[in-house]
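Architecture and fold: a report
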Amino acid sequence: MEGRAIKPAILAGTAHPALAAAIAQALDLPLSACRIERFPDGEVAIELREPVRRKDMFIVQPTAPPVNEHLVELLALVDACRRAAAGRITAIVPYFGYARSDKRAGHREPITASMVAVLLQAVGVDQVVTVDLHAAQIEGFFHIPVDSLTAVPVLAAALHDYLPPGTAIVSPDAGRVRMASEYAHRLDAPVVVLHKQRISGTETHITHVVGDVRDRPCLIIDDMISTGGTIVEAVTALRSAGARPPIIVAATHGLLLPGAQEKLVAAGIDALYVTDSIPIAIQSWPQLHVVSIAPLLAQAIQRLIGDGSLSELWR
Ligand code: R5P
């Protein structure tokens, strides 16, 4: 019997319908019809409103806040697709919630990123695509393919004409040195590393500035901005070390929890660049620039549909 082509389809959860729509439009694919609601007690209610049998399903759902809601919804969408005999299921998770829980800081703690990996595989995900995963070792929690794309080329391109000559690229902690080096390579700039101590979930402290920032503008990079505490500490340390304006910030995931904008404004940052890996609700903040990763994700999906390589997307 001749094999029939497996048709691709994009399915959007409720975490970021605008991103899913932009991806579908870039690929000229329709969004798969689906009803997603909550039962009166808060449980997730899902109904796929068209057949997915043998289809190549790409489910777009960043597990952004409220993380648990969006995670369970993603699991239920995958379960619905698998039970409806989808041919292949790819979870497009531009922001991977719980990624910071990638190891145990002490005794009797969970490794929640590992738990998320177990759950995704248990419900039947065949492969995962994510962006700037907080820690590369999270891939090791899966025994299915995980492609962690990077938004650095997209953000660096947006920043290229804006950065003054002599700008230093600043890694806010040891964990982001590789990402800072990638920005530095693309923007032809030196790297400076801050030594950060985390005091609690919301409190950090910079003890050393490794590199020369005197009379230099700075671009502080990070994978995510949550409360804004890390960036505010970095700005204070850089100013004390003699950095001059502008101080610019670039981060892939702009969680920007309540209070973060006020903190960053008070810290006097000159510009903030983030992607649309999660929805950015803030409207009136002239310093905020949102760069879309929909074309990057569309290209990745295009290559996966054709069983192509994703490695060129890094260039
Ligand atoms: C930490 O390791 C991460 O890379 C970010 O620096 C951190 O999670 C940002 O969180 P916040 O904005 O709350 O400091």
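Residues numbered from 1 in each chain as written. Predicted model: local features only at pLDDT ≥ 70, side-chain atom pairs only at ≥ 80, totals over all residues. Heavy atoms only, no water.

**Looking at the packing of aromatic side chains**
- One pass over the full model with this rule turns up 2 aromatic pairs.
- Centre to centre, the rings of phenylalanine 96 and phenylalanine 142 are 6.2 Å apart; their planes meet at 75°, and the pair counts as edge-to-face. Of this pair, phenylalanine 96 sits in the loop between strand E5 (88-93) and helix H3 (112-123) while phenylalanine 142 sits in the loop between strand E6 (127-131) and strand E7 (146-149); the two residues are 46 residues apart in sequence, bridging distant segments of the chain. Neither residue differs from the other here; phenylalanine 96 and phenylalanine 142 are each classed as buried. (Phe/Tyr/Trp six-rings, centres within 6.5 Å; stacked < 30°, edge-to-face > 60°. Helix = DSSP H or I, 4+ residues; strand = E, 2+ residues; numbered from the N terminus. Buried < 20%, exposed > 50% of the residue type's maximum accessible area, 1.4 Å probe, protein only.)

**What to know about the sheet that holds strand E13 (residues 271-275)**
- Taken in spatial order, the 7 strands make up an open sheet running E10-E9-E8-E11-E12-E13-E14, and their pairing is mixed. Because the sheet does not close on itself, it has two edges, and the strands there are strand E10 (204-210) and strand E14 (288-291). Strand-to-strand twist in this sheet, taken as the mean axis angle between neighbours without regard to direction, amounts to 25°.
- In the packing of helix H6 (residues 229-240) onto the sheet, the strands contacted are strand E8 (168-171), strand E9 (191-198), E10, strand E11 (218-225) and strand E12 (247-254), and the crossing angle to E10 comes to about 40°. (Pairing = 2+ DSSP bridges. Axes fitted to C-alpha atoms, helices over the stretch in contact; angles between N-to-C directions. Contact = heavy atoms within 4.5 Å.)

**Brief notes about the nonpolar core**
- In terms of nonpolar packing, the biggest core is built from 44 residues, with Ile10, Ile23, Leu149, Ile169, Tyr183, Leu219 and Leu297 touching the most fellow members.
- The contact partners of leucine 297, leaving out residues within four places of it in the chain, are Leu19, Ile23, Ile92, Pro94, Val129, Val131 and Leu149.
- Counting 32 residues, the second largest nonpolar core, distinct from the first, contains Val52, Ala117, Val125 and Val146. (Core = buried A, V, L, I, M, F, W, Y, C linked by side-chain atoms within 4.5 Å.)

**Digging into unusual backbone geometry**
- Cis geometry is adopted by the peptide bond preceding proline 66, which originates at proline 65 and carries an omega value of -5°.
- Note on placement: proline 66 falls in the loop between strand E4 (56-60) and helix H2 (67-83).
- A cis amide bond links proline 245 with the next residue in sequence, proline 246, at an omega value of 0°.
- Looking at where proline 246 falls in the secondary structure, it is placed in the loop between H6 and E12.
- The phi angle at aspartate 188 is positive, at roughly 50°, despite the residue not being glycine.
- Following the sequence through the fold, aspartate 188 ends up in the loop between helix H5 (177-187) and E9.
- The phi dihedral of aspartate 307 is positive, around 55°, even though this residue is not glycine.
- By the secondary structure assignment, aspartate 307 is in the segment after helix H8 (294-305).
- When its relative accessible area of 63% is taken as the criterion, aspartate 307 is described as exposed.

**Examining empty space enclosed by the protein**
- Taken as a whole, this structure holds 2 cavities of 30 Å³ or more when the rule is applied.
- Secondary structure elements with two or more residues in the lining of the largest cavity: E6 and E11.
- Grouping the amino acids of the lining of the largest cavity by side-chain chemistry returns 6 nonpolar, 3 polar and 2 charged.
- Within this model, the second largest cavity holds a volume of roughly 30 Å³. (1 Å grid on protein atoms, 1.4 Å probe; cavity = no way out; pocket = protein on both sides within 12 Å on 5 of 7 lines; lining within 4 Å. Points joined across faces, edges and corners; volume = space filled by probe spheres on them. Nonpolar A, V, L, I, M, F, W, Y, C, P; charged D, E, K, R; others polar.)

**A few points about the side chain of histidine 70**
- As for its position among the elements, histidine 70 is in helix H2.
- Histidine 70 has contacts with Thr14, Ala15, Gln61, Pro62, Thr63, Ala64 and Pro65, leaving out every residue within four places of it along the chain.

**Comments concerning the site of the ligand**
- The full set close to the ligand counts 15 residues, and Arg100, Asp222, Asp223, Thr227 and Thr230 are the nearest of them.
- The contact in question runs from an oxygen atom of the ligand to an N or O atom on the side chain of aspartate 222, over 2.6 Å.
- Glycine 228 is positioned with one of its backbone polar atoms (N or O) 2.8 Å from an oxygen atom of the ligand.
- For the ligand, the accessible surface in isolation is 380 Å², of which the surrounding protein chains cover 93%.
- Structurally, the ligand is housed in the largest pocket. (Near = heavy atom within 4 Å. Polar contact = N/O pair within 3.5 Å; in protein donor to acceptor, adjacent residues only side chain to side chain. Areas by Shrake-Rupley, 256 points an atom, 1.4 Å probe, with all protein chains shown as cover. Sits in = over half its atoms within 2 Å of the grid points.)

**What about the sheet that holds E6?**
- Pairing within the open sheet is parallel, and its 5 strands lie in the order E1-E4-E5-E6-E7. Of all strands in the sheet, those bounded by a partner on one side alone are strand E1 (8-12) and E7. If you compare each strand with its neighbour and ignore which way they point, the axes differ by 20° on average.
- In this sheet, E6 lies alongside E5 in parallel orientation, the contact comprising 4 bridges. Across the sheet, isoleucine 92 pairs through a bridge with valine 129, a residue of E6.
- Together, E1, E4, E5, E6 and E7 form the strand contacts of H8, whose direction differs from that of E5 by roughly 165°.

**Focus: the packing of H2 against H3**
- Running from amino to carboxyl end, H2 crosses H3 at an angle of 20°, the nearest separation of the two axes being 8 Å. In terms of orientation, H2 and H3 fall into the roughly parallel class. Contacts between H2 and H3 involve Leu71, Leu74, Leu75, Val78, Asp79 and Arg82 from the former and Val116, Leu119, Leu120 and Val123 from the latter. (Parallel < 35°, antiparallel > 145°, perpendicular 65-115°, else oblique.)

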